[in-house]
Amino acid sequence: YGVIWFVIPVHVVNSGLNGLMEGLQLGIYEVITIFIAGYTGYLADKYNWKHIHSLGWIFMIIGLIALPFYAWPVSLIIIGIIIGIGNNLSSSASKHTLGFYDNDHDEDGSFSATSKMSMNIGYGIAPILAGYFYFNYGFSAAMAVASVSCSFLGLLMLSCTSIAAAK
């Protein structure tokens, strides 16, 4: 999201367009969360969290692969819907898992702080890389950096979920 939250506003400004479609290119991620987060949490609690987690990553990888190739507002909104659904599915499943398996709460503060620090490292580094690639090579290059790195992470997460499912 560090790349998306940097590149899309710059892309909108450079396109010279303004209005609802331009705002939705970025806002769609939060709109999706508002509408489906409760339901994806329910799915993670009710059904096998491993399947929900994997399905979420599959949605995100599909959206990420498409992201560098479609710079038009409608395309970015559709891709945002796909990534937003995937993010909510995997996030809900992950939070379900943490809550379900966390019997010992002695390290909850450390875990929370480490998780927040890791996320902020990504949010700090991503705009720097995205800015470099966007201004030197364009929208597609900046999004390709996010696509490749996050798809790799997604495949790693799918592998970990498959290993957990085998146990």
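Up top is the structure.
Predicted model, so just to flag it, every value in this text is computed and none were measured. (Residues numbered from 1 in each chain as written. Predicted model: local features only at pLDDT ≥ 70, side-chain atom pairs only at ≥ 80, totals over all residues. Heavy atoms only, no water.)

Undergrad: Explanation requested: the layout of surface pockets in the structure shown.
TA: Gaps between atoms show up when a probe of the same size as a water molecule is rolled over them. In this structure, the largest pocket encloses a volume near 1,700 Å³. Together, 43 residues line the largest pocket, and Y1, W57, N87, M119 and L153 are the ones closest to its centre. For the lining of the largest pocket, the secondary structure elements donating two or more residues are α1 (2–15), α2 (20–46), α3 (49–66), α4 (73–101), α5 (108–137) and α6 (139–166). A total of 11 residues in the lining of the largest pocket trace back to one element, the largest contributor, which is α5. (1 Å grid on protein atoms, 1.4 Å probe; cavity = no way out; pocket = protein on both sides within 12 Å on 5 of 7 lines; lining within 4 Å. Points joined across faces, edges and corners; volume = space filled by probe spheres on them. Helix = DSSP H or I, 4+ residues; strand = E, 2+ residues; numbered from the N terminus.)

Undergrad: I keep staring at the packing of aromatic side chains and nothing clicks. Help me out?
TA: In this description, an aromatic ring pair is defined by two values, namely the gap between the centres and the angle between the planes. Tallied over the full model, the rule gives 6 aromatic pairs. Aromatic side chains Y134 and F135 sit 5.1 Å apart centroid to centroid with 85° between the ring planes, which places their arrangement in the edge-to-face category. Taking the relative accessible area as the measure of exposure, F135 reaches 56% and is therefore exposed. Counting every residue linked through ring pairs, the aromatic cluster contains Y132, F133 and Y137. (Phe/Tyr/Trp six-rings, centres within 6.5 Å; stacked < 30°, edge-to-face > 60°. Buried < 20%, exposed > 50% of the residue type's maximum accessible area, 1.4 Å probe, protein only.)

Undergrad: Even after reading the chapter, I still don't get a negative patch on the surface, so can you show me in this structure?
TA: A surface patch of negative charge is lined by D104, D106, E107 and D108. Residue placement: D104 occurs in the loop between α4 and α5. Accessibility expressed as a relative area gives 46% for D104, which makes it partly exposed. (Patch = residues over 30% accessible without salt bridge, like charges linked within 9 Å, V, L, I, M, F, W, Y side chains within 5 Å. Areas by Shrake-Rupley, 256 points an atom, 1.4 Å probe, with all protein chains shown as cover. Salt bridge = Lys/Arg side-chain N within 4 Å of Asp/Glu carboxyl O. Lys, Arg positive; Asp, Glu negative; His and termini not counted. Charge placed at Lys NZ, Arg CZ, Asp CG, Glu CD.)

Undergrad: Explanation requested: the nonpolar core in the structure shown.
TA: One broad rule of soluble globular proteins: the nonpolar side chains tend to lie buried together. Counting 27 residues, the largest nonpolar core has V3, I4, V7, L67 and M143 as the members making the most contacts within it. Contributing elements (two or more residues each) for this core: α1, α2, α3, α4, α5 and α6. Per-element tally for this core: the top contributor is α1, with 6 residues. (Core = buried A, V, L, I, M, F, W, Y, C linked by side-chain atoms within 4.5 Å.)

Undergrad: Looking at this structure, I do not really get a nonpolar patch on the surface. What am I missing?
TA: Taken together, the side chains of I65, F69, Y70 and W72 make up a nonpolar region of the molecular surface, amounting to roughly 490 Å² of accessible area. Relative to the assigned elements, W72 resides in the loop between α3 and α4.

Undergrad: What is the right way to read α2 from this model?
TA: It helps to recall that an α-helix has 3.6 residues per turn; residues three or four apart then point in one direction. Look at α2: 36 Å from first C-alpha to last across 27 residues, which is about the 39 Å you get at 1.5 Å a residue. The sharpest bend along α2 measures roughly 60° and falls at G27. Every buried residue of α2 is listed here: E22, Q25, L26, I28, Y29, I32, T40, L43 and A44. Close packing links the buried residues of α2 with α1, α3 and α4. (Expected span 1.5 Å × (residues − 1). Bend = angle between axes of the 7 residues up to and from the residue. Contact = heavy atoms within 4.5 Å.)

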